[in-house]
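# Understanding the architecture of this molecule
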Amino acid sequence: MRILLIFLFCIFNKLIILDASEFEILETPAVKNTLAPNLCAFGDQFALSWIERNKDGAAKLQMARWNGFAFDKKKLIAQSKEMFANWADVPSLVEAPSGDLYAHWLNQIGTDNYAYGVRIERSFDRGKTWKSLGWLHNDTSATEHGFVSLLPEDKHVRAFWLDGRMMSKPKGKMMLRSAILEGDQIKEEIVLDDDVCTCCPTSAIQLIRGPIVVYRDRSPQEIRDISFVLGKDGKWSKPTALQVDNWLMPGCPVNGASIATTGNLVAVSRFTVINNKAHVILRLFKEGRNKSGKDIVLDKNAPIGRSTTVCTEDSIYTVWIGFDKKRSVLRMAEVSLAGEIKRNMILTPIDENRSSGIPRAIFINDSLWVSWTDLNQIKLGRLKTDIEISG
């Protein structure tokens, strides 16, 4: 019996070591003093974007494409001495149905710390050169505009963002707004929700019926649960709660939801507090049937959250910041389409503070790619999911 226990102990420890070693951290073209990494898929390739801060106070939004073996030379998207470089409000890239690329970044509008707006860039040549299209929004008040999600839709790109133009008034609220990017035009700006949480990231995907955006809502009683709005045939649904958590929170937690889809299955990960206990929860539901969905608790060990979720044909992957005993770590859970947790594992240690930023993930070529920030430099890791790993 003692020999058997020793054998099992050795096997168990070997499996734990394999868990850690399978998450490979790769070199990127990013230098020191970088932050706000993001990932964008282009077919079977992807691009990494990030912000570089210079000693003279200027900042640059850079990108580099992964060619399957390494990163190509980095390309400059935009630069400005007034660029708003922030750990939570992250620039992004998206490929339009035309093959053009669009990017968004943030620039100061006024002298207040959080007076900034969203600038849009367009590339006709896969990111080699970029043309500025100006402000995303038709308002340039010295208020907060950000937390953008860009989404390919029909023959154009749709943008969602948080817009604080009404907050310059005594009782003004943060809004969720949307507009269309088509060619060099930014048009059809509309309000989707006129009272939302002020600084939680949004997330959007294209469903069979139309676009959907998830965001942290805000009630007059300061309940800050996750809501969604659906678009169909040019019309928009009223804001609807994803799930009633009744999280009473007097201020913004800077912790949004993440949405992904495969077939007609929708997956939304969220950080929330239920009965005074923090949770990271994955909700699965069939398109158009959120009320009959299923909640899967991924972490109730006082997680920090900042989750990101992606789907494949047979699994859902969610990455978030949690804890292993007293050590903060980047965690990953793989969940089956039926809602069964296949594995829940540690990817790498990570700083629990804001300096680690907002993790982002994509799935390309049988690998889960994850970006984050560590020690004032962006990081990129890869987990090859075609290898069986015990968790």
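Residues numbered from 1 in each chain as written. Predicted model: local features only at pLDDT ≥ 70, side-chain atom pairs only at ≥ 80, totals over all residues. Heavy atoms only, no water.

## Some remarks on the overall build of the chain
The helix and strand tally for the chain stands at one helix and 29 strands. For a compact globule of 391 residues, the expected C-alpha radius of gyration is about 21 Å, and the chain comes in at 21 Å, within 12% of that figure. Along the three orthogonal principal directions, the C-alpha set of the chain runs to about 75 × 50 × 40 Å. Each of the 391 residues in the chain was classed as buried or not, and the buried ones make up 57%. Partitioning the contacts of the chain with sequence separation of at least 6, the portion at a separation of at least 24 is 47%. Here the chain displays about 18000 Å² of accessible surface, and carbon together with sulfur accounts for 51% of that area. Positive and negative side-chain charges in the chain, numbering 51 and 46 respectively, have mean positions lying 3 Å apart. (Helix = DSSP H or I, 4+ residues; strand = E, 2+ residues; numbered from the N terminus. Rg over C-alpha atoms; globule rule 2.2 N^0.38 Å. Buried < 20%, exposed > 50% of the residue type's maximum accessible area, 1.4 Å probe, protein only. Contact = heavy atoms within 4.5 Å. Areas by Shrake-Rupley, 256 points an atom, 1.4 Å probe, with all protein chains shown as cover. Lys, Arg positive; Asp, Glu negative; His and termini not counted. Charge placed at Lys NZ, Arg CZ, Asp CG, Glu CD.)

## Here's the deal with the environment of Arg382
Mapping Arg382 onto the fold places it in strand S29 (residues 377-384). Sequence separation of Arg382 and Met345 is 37 residues, and the distance between their C-alpha atoms is 14 Å.

## Some remarks on the packing of aromatic side chains
Taken as a whole and judged by the stated rule, the model has eleven aromatic pairs. Summarising the aromatic geometry, the rings of Trp247 and Phe271 are spaced 5.7 Å apart at their centres and angled 70° between planes, so their arrangement reads as edge-to-face. Here Phe271 lies in strand S20 (residues 265-274) and Trp247 lies in the loop between strand S18 (240-241) and strand S19 (258-262), a separation of 24 residues in the sequence. As far as burial versus exposure is concerned, Trp247 and Phe271 are alike and both buried. Here Arg126 stacks its cationic end above the ring of Phe42, 5.4 Å away from the centre of that ring. (Phe/Tyr/Trp six-rings, centres within 6.5 Å; stacked < 30°, edge-to-face > 60°. Lys NZ or Arg CZ within 6 Å of the ring centre and 35° of its normal.)

## Section: the nonpolar core
Nonpolar side chains tend toward joint burial in soluble globular proteins. With 55 residues, the main nonpolar core has Ile77, Leu93, Tyr102 and Leu136 as its most contacted residues. The contacts of Leu93, once residues within four sequence positions are left out, are Cys40, Ala47, Ser49, Met63, Ile77, Tyr102, Ala103 and Trp130. (Core = buried A, V, L, I, M, F, W, Y, C linked by side-chain atoms within 4.5 Å.)

## Some words on the pattern of salt bridges
All chains considered together, the criterion is met by 20 salt bridges. In this structure, the salt-bridge partner of Glu52 is Lys74, at a minimum N-O distance of 2.7 Å. With Glu52 in strand S3 (residues 45-53) and Lys74 in the loop between strand S4 (59-66) and strand S5 (75-80), this residue pair connects regions lying 22 residues apart in the sequence. Here Glu52 falls in the buried class, since its relative accessible area comes to 7%. For Lys74, a relative accessible area of 30% gives the class partly exposed. (Salt bridge = Lys/Arg side-chain N within 4 Å of Asp/Glu carboxyl O.)

## Examining the sheet that holds S5
Working definition: the strands of a sheet are paired by backbone hydrogen bonds and lie parallel or antiparallel to each other. Taking strand neighbours across the sheet as the criterion, the four strands line up as S2-S3-S4-S5 in an open arrangement whose pairing is antiparallel. Each edge of the sheet is formed by a strand with only one pairing partner; in this case those strands are strand S2 (34-42) and S5. Across this sheet, the average inter-strand angle for adjacent strands is 20°, counted without regard to direction. Where S4 lies against S5, five bridges are found, and the strand directions are antiparallel. When the bridges of S5 are listed, Leu61 appears paired with Ala78. (Pairing = 2+ DSSP bridges. Axes fitted to C-alpha atoms, helices over the stretch in contact; angles between N-to-C directions.)

## With respect to the pairing of strand S6 (residues 92-95)
One ladder, built from four bridges, connects S6 with strand S7 (residues 101-108); its direction is antiparallel. From the neighbouring strand, Leu93 faces S7, where its bridge partner is Ala103. Counting the residues that bridge the hairpin from S6 to S7 gives five residues, and of these Gly99 lies at a positive phi of roughly 100°.

## Describing the sheet that holds strand S25 (residues 327-336)
As summarised here, the arrangement of the four strands in space is S23-S24-S25-S26, forming an open sheet in which the pairing is antiparallel. Where the open sheet ends on each side, the last strands, each with one partner, are strand S23 (305-311) and strand S26 (341-349). In this sheet, neighbouring strand axes are inclined to one another by 20° on average, regardless of whether the strands run parallel or antiparallel. Sheet topology places S23 next to strand S24 (residues 315-324); five bridges connect them, and they run antiparallel. In the strand pairing of S24, Cys311 is matched with Ile316.

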